[in-house]
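Coordinate analysis (summary)
Listed below are the residues making up each chain.
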Amino acid sequence: MHVHLLEWIVTFAVTVAVLLFDVVVMARRSGEEPTMPRSALALSAYIALAVAFGIWTWFFHGHQYGIQFFAGWLTEYSLSVDNLFVFVIIMSSFRVPRVYQREALFVGIVIALIFRGVFIALGAAAIQRFSWVFYIFGVFLIYTAARLARGSTHSSDGENAVVRFARNHLNVTDSWHGRRVVVKDGGRRVFTPMALVVVALGATDLVFALDSIPAIYGLTSEPYLVLAANVFALMGLRQLYFIVEGLLQRLVYLSTGLAVILVFIGVKLILHALHDNDLPFINGGKHVEVPEIPTLVSLAAIAVTLVVAAAASIYATRNTD
């Protein structure tokens, strides 16, 4: 896939423009609680942008790259929804006032973009130099899937080790000061509870980035598509939080569905590594004749798994108030 410099510039510019627009709108409505119609409208616009980008990729770069984008976007989006579970718990554990949750979520999403950008670059460099990294990615995803199936993949406790360290070594006030993370109290600078929320969200984003980047590289090896899928998956995540905040607990089989998807991608990565094998202790350093899973099959498997997980969740919680 040949991506012109102009495409990189436009993609980056659009991303920055969307984030700046979000900041401007958020600043104008500071102190207001998010409403369902506004959140739904913004989320619809972000999804439409992602679909439009996928269609554009399909026609201008080829259908195989369009399929790769949609498969990657769906996977990253489903992992981002799982991320929302932890965000909800963090907001609850820190008792973040609802009027400040929007700012906290925005910071968390920006941190997620930064971490994922770093890991995308590192992953691309590793893949170009060491083809055997696919073995590591594949095993890691299967391991993550096993932890997901046991319900212990990510720390969902706001009081994680990083936050405890911050509490013990930083001067933290108990009072909220809007979106400010540092204020003056009695002539000295102290951190606000918002600072701890940001630390907790950042630590969570780091862990999720470690999972999501190997998953997307199992569907496409194009850094441009990897970046685009992650950016579009994070766009609208803040609005989605306020739309499905009360419904997240009904998605009881989401983790199971994600575990199935990660196992599928992990196996796909290992098969790809075996096909391009150059490790001397595996088949004498020669490639292994194994079938490779087409991206279209991957897209279908991901979509079906998500639909089944959502339908099963709705059915299992149909009598929930």
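Predicted, not measured: the structure shown is a model, and the values here were computed from it. (Residues numbered from 1 in each chain as written. Predicted model: local features only at pLDDT ≥ 70, side-chain atom pairs only at ≥ 80, totals over all residues. Heavy atoms only, no water.)

Counting secondary structure elements, the protein contains 11 helices and two strands. Counting helices and strands in the order they occur from the N terminus, the protein gives α-α-α-α-α-α-β-β-α-α-α-α-α. Restricting to contacts in the protein with at least 6 residues of sequence separation, those with at least 24 account for 78%. Here the protein displays about 15900 Å² of accessible surface, and carbon together with sulfur accounts for 67% of that area. (Helix = DSSP H or I, 4+ residues; strand = E, 2+ residues; numbered from the N terminus. Contact = heavy atoms within 4.5 Å. Areas by Shrake-Rupley, 256 points an atom, 1.4 Å probe, with all protein chains shown as cover.)

Bringing the packing of helix α3 (residues 63–93) against helix α11 (residues 295–316) into the picture now. Packing of α3 against α11 leaves a shortest axis separation of 9 Å and a crossing angle of 30°. What the angle tells us is that α3 and α11 run roughly parallel. The way α3 lies across α11 gives a crossing that is left-handed. Two secondary-structure elements touch here, α3 through I67, Q68, F70, A71, L74, T75 and S78 and α11 through T295, L296, L299, I302, A303 and L306. Across the contact of α3 with α11, the residue classes tally to nine nonpolar, four polar and no charged. (Axes fitted to C-alpha atoms, helices over the stretch in contact; angles between N-to-C directions. Parallel < 35°, antiparallel > 145°, perpendicular 65-115°, else oblique. Left-handed = near helix turned anticlockwise from the far one by under 90°. Nonpolar A, V, L, I, M, F, W, Y, C, P; charged D, E, K, R; others polar.)

Another aspect to go through is the packing of aromatic side chains. For the coordinates displayed, the defined rule picks out 11 aromatic pairs. With a centroid separation of 6.0 Å and an interplanar angle of 85°, the aromatic rings of F69 and F232 are classed as edge-to-face. Taken as a pair, F69 in helix α3 and F232 in helix α8 (residues 223–234) lie far apart in primary sequence, 163 residues in all. Exposure class is identical for F69 and F232. Each is buried. Ring pairs connect the aromatic residues W8, F53, W56, F60, F69, F70, W73, Y77, Y224 and F232, which therefore count as one cluster. (Phe/Tyr/Trp six-rings, centres within 6.5 Å; stacked < 30°, edge-to-face > 60°. Buried < 20%, exposed > 50% of the residue type's maximum accessible area, 1.4 Å probe, protein only.)

Formed by 81 residues in total, the largest nonpolar core has its most connected members in F69, W73, Y217, F232 and Y241. It is α3 that provides the largest number of residues to this core, a total of 16 residues. The residues contacting Y217, other than those within four sequence positions of it, are I120, G123, A124, I127, F134, F137, P223, V226 and L269. (Core = buried A, V, L, I, M, F, W, Y, C linked by side-chain atoms within 4.5 Å.)

The subject of this paragraph is the side chain of T317. Looking at where T317 falls in the secondary structure, it is placed in the segment after α11. Judged by relative accessible area, T317 falls into the buried class, the value being 8%. Looking at T317, its side chain comes within polar contact range of the main-chain oxygen of S313, at 2.7 Å. When residues no more than four places from it in sequence are discounted, the contact partners of T317 are R250 and V252. (Polar contact = N/O pair within 3.5 Å; in protein donor to acceptor, adjacent residues only side chain to side chain.)

With that settled, the discussion passes to a nonpolar patch on the surface. A contiguous nonpolar surface patch, about 570 Å² in accessible area, is contributed by L5, L6, W8, I9, V10 and V14. Tracing the backbone shows L6 in helix α1 (residues 5–28). (Patch = residues over 30% accessible without salt bridge, like charges linked within 9 Å, V, L, I, M, F, W, Y side chains within 5 Å. Salt bridge = Lys/Arg side-chain N within 4 Å of Asp/Glu carboxyl O.)

As judged from the four bridges shared by strand β1 (residues 182–185) and strand β2 (residues 188–191), these two strands associate in the antiparallel manner. Its bridge partner lying in β2, D185 is registered against R188. What sits between the antiparallel neighbours β1 and β2 is a turn of two residues, in which G186 has the positive phi angle 65°. (Pairing = 2+ DSSP bridges.)

On to the environment of V288. Positionally, V288 belongs in the loop between α10 (254–275) and α11. Separated by 10 residues in the primary sequence, V288 and D278 have C-alpha atoms spaced 9.7 Å apart.

Geometric descriptors of this kind do not, in isolation, establish any biological role.
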